[in-house]
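Listed below are the residues making up each chain.
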Amino acid sequence: LAKQAGAAILTGVAAGLTAIVKSGAELQTIRVGFRSIMGSAEGAASMVDKLNKFTAATPYRLEEVARSARQLIAVGTGVDDVNDRLKMLGDIAAASGNSISDIAAAFAKVQAKGKVELENLNQLAERGIPIFDELRKVTGDANMEFGAGSVSVEEYNQALANMATEGGFAKDAMALW
């Protein structure tokens, strides 16, 4: 019985050490990935620390949050604004049951193109996000036809921001963190 207990303890300790080493390696990989974006090892370390703190307060994993942050930075989101955008997108993702990286990718596509296409709106609607309803509120046009060029990037961003506010679509997700 003592041998079995000792073996179980050693197995648990070994698994714990393996997890710590793996976690450290993943963190290092993320830092390296941000080094080129941030321009320095210090900038990368600072960004990863911010993302780590953000992740600790959310249901998301660091790898997923880091991927989303890289997408946002790549399309022009300022480094100081990344956590705010992640919070907005994370709230929407949680409320709709999607991953933050899926919602960030849809958001980044619009930002990169500089225009909103029906396909972008459909991607969100297919994920259970009531983007069309919110855009009608933002534009004030209840009969709005969502064709090419009918929605500006600013209106799109405002609709997402509204959904992530206290009274918006994602209000219940905010209680998660």
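Brief notes about the environment of leucine 86
No. 1: Summarising the element assignment, leucine 86 is placed in helix α4 (residues 82-96).
No. 2: Put simply, leucine 86 and leucine 72 are 14 residues apart on the chain and 8.6 Å apart in space, counted from C-alpha to C-alpha.
No. 3: Those residues in contact with leucine 86 that sit more than four places away from it in its chain are Leu51, Phe54, Val65, Ser68, Ala69, Leu72 and Ile100.

Topic: the confidence of the model for the protein
No. 1: With 79% of its residues at a pLDDT of 70 or more, the protein has an overall mean of 81.
No. 2: Here helix α1 (residues 2-38) stands out as the least confident element of the protein, with mean pLDDT 61; helix α5 (residues 100-113) is the most confident, with 95.
No. 3: Contacts of residues 15-23 to residues separated by more than four positions or lying in other chains number zero contacts, the stretch itself having pLDDT below 50.

So, the pattern of salt bridges
No. 1: Applying the stated criterion to the full structure yields seven salt bridges.
No. 2: Glutamate 117 serves as the salt-bridge partner of lysine 115, at 3.5 Å between the closest nitrogen and oxygen.
No. 3: Note that lysine 137 is salt-bridged to glutamate 134, the shortest N-O span being 3.7 Å. Placement of both lysine 137 and glutamate 134 in helix α7 (residues 131-139) is noted, with a separation of three residues, approximately one turn of the helix.
No. 4: Residue glutamate 134 is classed as buried on the basis of its relative accessible area, which comes to 10%.
No. 5: Through salt bridges with shared partners, a single ionic network connects Lys113, Lys115 and Glu117.

Some details on the nonpolar core
A general tendency of soluble globular proteins is for nonpolar side chains to be buried together.
No. 1: If you look at the biggest cluster of nonpolar residues, it comprises 41 residues, and the most contacted ones within it are Phe34, Leu51, Leu86, Ile131, Tyr156 and Leu160.
No. 2: Those elements that provide at least two residues to this core are α1, α2 (41-56), α3 (62-74), α4, α5, α6 (118-126), α7 and α8 (153-163).
No. 3: The residues touching phenylalanine 34, leaving out its near neighbours within four places in the chain, are Gly39, Ala44, Met47, Val48, Leu51, Ala66, Ala69, Arg70 and Ile73.

Calculation notes
- Residues numbered from 1 in each chain as written.
- Predicted model: local features only at pLDDT ≥ 70, side-chain atom pairs only at ≥ 80, totals over all residues.
- Heavy atoms only, no water.
- Helix = DSSP H or I, 4+ residues; strand = E, 2+ residues; numbered from the N terminus.
- Contact = heavy atoms within 4.5 Å.
- pLDDT = per-residue confidence, 0-100.
- Salt bridge = Lys/Arg side-chain N within 4 Å of Asp/Glu carboxyl O.
- Buried < 20%, exposed > 50% of the residue type's maximum accessible area, 1.4 Å probe, protein only.
- Core = buried A, V, L, I, M, F, W, Y, C linked by side-chain atoms within 4.5 Å.

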